[in-house]
Amino acid sequence: MNNSVKARLTVLQRMAAQKRSGVAIMALQEDGTWTACKGPQSPEKVFQTEREAQAYLSECENIIVIDI
């Protein structure tokens, strides 16, 4: 993932955190793991599979998936 995409993800995460409306973000990392973040007070967590990340975010209303 290049720096431009990483920077955009950071901005998107900040915006989602400000909404406080159940918006979560999960993203595929270069090493094949998945990161997931579900709110302004929640730290980003790393998961080995997409399914694990989805399960972690299952209570969220809206999930943005970035798999590039």
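Here we summarise the structure given alongside this text. Owing to the predicted nature of the structure, the values given are computational and were not obtained by experimental measurement. (Residues numbered from 1 in each chain as written. Predicted model: local features only at pLDDT ≥ 70, side-chain atom pairs only at ≥ 80, totals over all residues. Heavy atoms only, no water.)

## What about the sheet that holds strand 4 (residues 62-66)?
Spatial strand order, 3-2-1-4: four strands in an open sheet with mixed pairing. Of all strands in the sheet, those bounded by a partner on one side alone are strand 3 (45-47) and strand 4. Across the sheet, the mean angle from the axis of one strand to that of its neighbour is 20°, orientation sign disregarded. One ladder, built from four bridges, connects strand 1 (residues 23-28) with strand 2 (residues 34-37); its direction is antiparallel. (Pairing = 2+ DSSP bridges. Helix = DSSP H or I, 4+ residues; strand = E, 2+ residues; numbered from the N terminus. Axes fitted to C-alpha atoms, helices over the stretch in contact; angles between N-to-C directions.)

## Observations regarding the packing of aromatic side chains
By the definition in use, this model includes one aromatic pair. Ring centres 5.2 Å apart and planes at 40° place the aromatic pair Phe-47 and Tyr-56 in the tilted group. Overall, Tyr-56 belongs to the buried group, its relative accessible area being 16%. (Phe/Tyr/Trp six-rings, centres within 6.5 Å; stacked < 30°, edge-to-face > 60°. Buried < 20%, exposed > 50% of the residue type's maximum accessible area, 1.4 Å probe, protein only.)

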